[in-house]
Amino acid sequence: MIEPIIVGLAFVAGLGFRRVGMPPLLGYLVAGFLAGGLQLGDAEVIHALSEVGIILLLFTIGLKLNLRELLAPQVWATASLHTAIVVPLTAGMLLSLPWLLPGVAEVETSVAWMLAFALSFSSTVFAVKIFDERGEGAALHAKIAIGILIVQDIFAVSYLVLSAEHAPSPWAFALLGLPLLRPLLAYFLKQAGHGELLVLFGIAVALGSAELFEMLHLEGGLGALLFGVLLSNISKSVELYKNLINFKDIFLTAFFLSIGYSGLPSGEMLLVAGAIGLLIFLRPLIYFLLLLTFRLRARTSLLVGLSLFNYSEFGLIVAAMAVKGGQLPAVWLTTLAVAMALSLFVAVPFNTHVHLLYGRLASRLQKLERSELLIQERPVDLGDAEIVIFGMGRIGSGAYDYLSQHYPNKIVGVEESADKALKLRLSGVSCVPGDASDRDFLERADLHKRKTVLVSLTNHSENIDVVKMLQHLDYKGKIAVVSRFPDQQEELISLGCITFNLYAEAGHGFAERVMEEMS
């Protein structure tokens, strides 16, 4: 059995990229091309695992999806206009290849339009992973980007349905009754508890819904997405999402590995893939200008545009269907795989350093903003609070409750999710919507009025970024940050922060609570 060698190769390559400050997924891509070129492992097994990863990805997106957000013009209109602009532009470039690259064979018109459609999508896998790594899943720019991706996925699924060898089964109309299953699914979700049964329930629903849709001659990923939506906004859906994240990430590693198994193209196809890869540089610019038109801030528009700065796994799926139906020569599937890999290599550095990039360009980009912004994009007031808590999850909310007893009316919470911030305000908590990693937000926060800032965000890297930004903005007060591991604690102390290690000091907090009750 040779699959362990591939896993080890992926680990070593991922570790290598991580050591130089790049996301491990680039290492997985390299490992996939090496494994594919050396014919290591079973390509069918890797492909099957990657399909599970995509299904779990779409299911977890559904768990956090708010359908109302798709109806916002900055989502559906941006996705539609982008497709209308990019498809003819890409088709024109493909038809011009013989003139751009002498010696390259002419591309048939029907093939050019088919490829252009496949290349119009951005990678859902990449965007979600980038947002998860930066801890920005609840931020406005992440929600807009994911919404645009879902609209694109709907375009792709519609094509797959229309071009399938078999029309959807007549039984597919029964799927209109899916909302009736929500109470039953919610009941089993509640009964699953908090352990392995909860994970098993989530995986069973995701894979089962995909299989159900496949049986009805529909795209399985669509089924996983819709069943995720059915379970969204239930009290335990957030817990289910958190429990499935690691499983999703492991299977998505197989997806990045599987790209390399498409095979290595000829020299001519490498040139074509490079030309297609260069076209990707127009994508963030188009998104940026469209989103500015819909009254979003320059920062939001930039973050959304760069997160969509790549080609999509759905493009490969659409191309594979076209190859299977005889509409596309098989060699193009390999070329698209290489073009997608190149686009990811280009997109990763930009997204890794996006906040630094915006910091350098902010003054110039802000001049392009509309005079009247969306309500969600307008500045918020932190009032006269002396203590600011970034991140109102369980830890941040607990800190707020405790400190409010000693410093009443002197504390304000900042929560990335506008919906959650509203719920907290309605419950009597002083909380405003805001993104702690948003340089614009921090610059307008009157930091000279704040004596202490508590940072309790999703992950350590995001906490570090906020600390460095506060220091760069010359904040003079105390900065307290949550940590989870000794190396994280040491890094925060070296930055001059007060730090609390959740795992090491949890027993101390537990004992304090017992003593309070005993006294």
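Residues numbered from 1 in each chain as written. Predicted model: local features only at pLDDT ≥ 70, side-chain atom pairs only at ≥ 80, totals over all residues. Heavy atoms only, no water.

*Asks:* Just checking my understanding: could you explain the overall build of the chain for this structure?
*Replies:* If you tally the helices and strands in the chain, you get 25 helices and 6 strands. Whereas a compact globule of 519 residues would reach a radius of gyration of roughly 24 Å, the chain reaches 24 Å, a difference of no more than 12%. Expressed along its principal axes, the backbone C-alpha trace of the chain runs to roughly 80 × 55 × 45 Å. Counting only contacts in the chain whose residues sit at least 6 apart along the sequence, the fraction spanning at least 24 positions is 76%. Roughly 24,700 Å² of accessible area belongs to the chain as shown, and the carbon and sulfur atoms make up 64% of that amount. In the chain, the 37 positive side-chain charges and the 45 negative ones have mean positions that sit 8 Å from each other. (Helix = DSSP H or I, 4+ residues; strand = E, 2+ residues; numbered from the N terminus. Rg over C-alpha atoms; globule rule 2.2 N^0.38 Å. Contact = heavy atoms within 4.5 Å. Areas by Shrake-Rupley, 256 points an atom, 1.4 Å probe, with all protein chains shown as cover. Lys, Arg positive; Asp, Glu negative; His and termini not counted. Charge placed at Lys NZ, Arg CZ, Asp CG, Glu CD.)

*Asks:* Can you help me understand the side chain of Arg439 in this one?
*Replies:* The residue Arg439 is located in helix α22 (residues 439-443) in this model. Classification of Arg439 as buried rests on a relative accessible area of 17%. Discounting residues that sit within four places of it in the chain, Arg439 has contacts with Arg299, Gly359, Met469, His472 and Leu473. (Buried < 20%, exposed > 50% of the residue type's maximum accessible area, 1.4 Å probe, protein only.)

*Asks:* I keep staring at the packing of aromatic side chains and nothing clicks. Help me out?
*Replies:* The description of an aromatic ring pair uses the distance of the two centres, along with the angle that the planes make with each other. One pass over the full model with this rule turns up 6 aromatic pairs. With 6.4 Å between their ring centres and 70° between their planes, Phe390 and Phe441 make a pair best called edge-to-face. Here Phe441 lies in helix α22 and Phe390 lies in strand β1 (residues 387-390), a separation of 51 residues in the sequence. With respect to burial, Phe390 and Phe441 carry one shared label: buried. An aromatic cluster is defined as three or more aromatic residues linked by ring pairs; in this entry it consists of Phe281, Phe309 and Phe350. (Phe/Tyr/Trp six-rings, centres within 6.5 Å; stacked < 30°, edge-to-face > 60°.)

*Asks:* I would appreciate a short explanation of a nonpolar patch on the surface in the present structure.
*Replies:* Together, Leu89, Leu282, Leu285 and Leu289 make up an exposed nonpolar region whose accessible area comes to about 340 Å². In this structure, Leu289 sits in helix α15 (residues 282-293). A relative accessible area of 46% places Leu289 in the partly exposed class. (Patch = residues over 30% accessible without salt bridge, like charges linked within 9 Å, V, L, I, M, F, W, Y side chains within 5 Å. Salt bridge = Lys/Arg side-chain N within 4 Å of Asp/Glu carboxyl O.)

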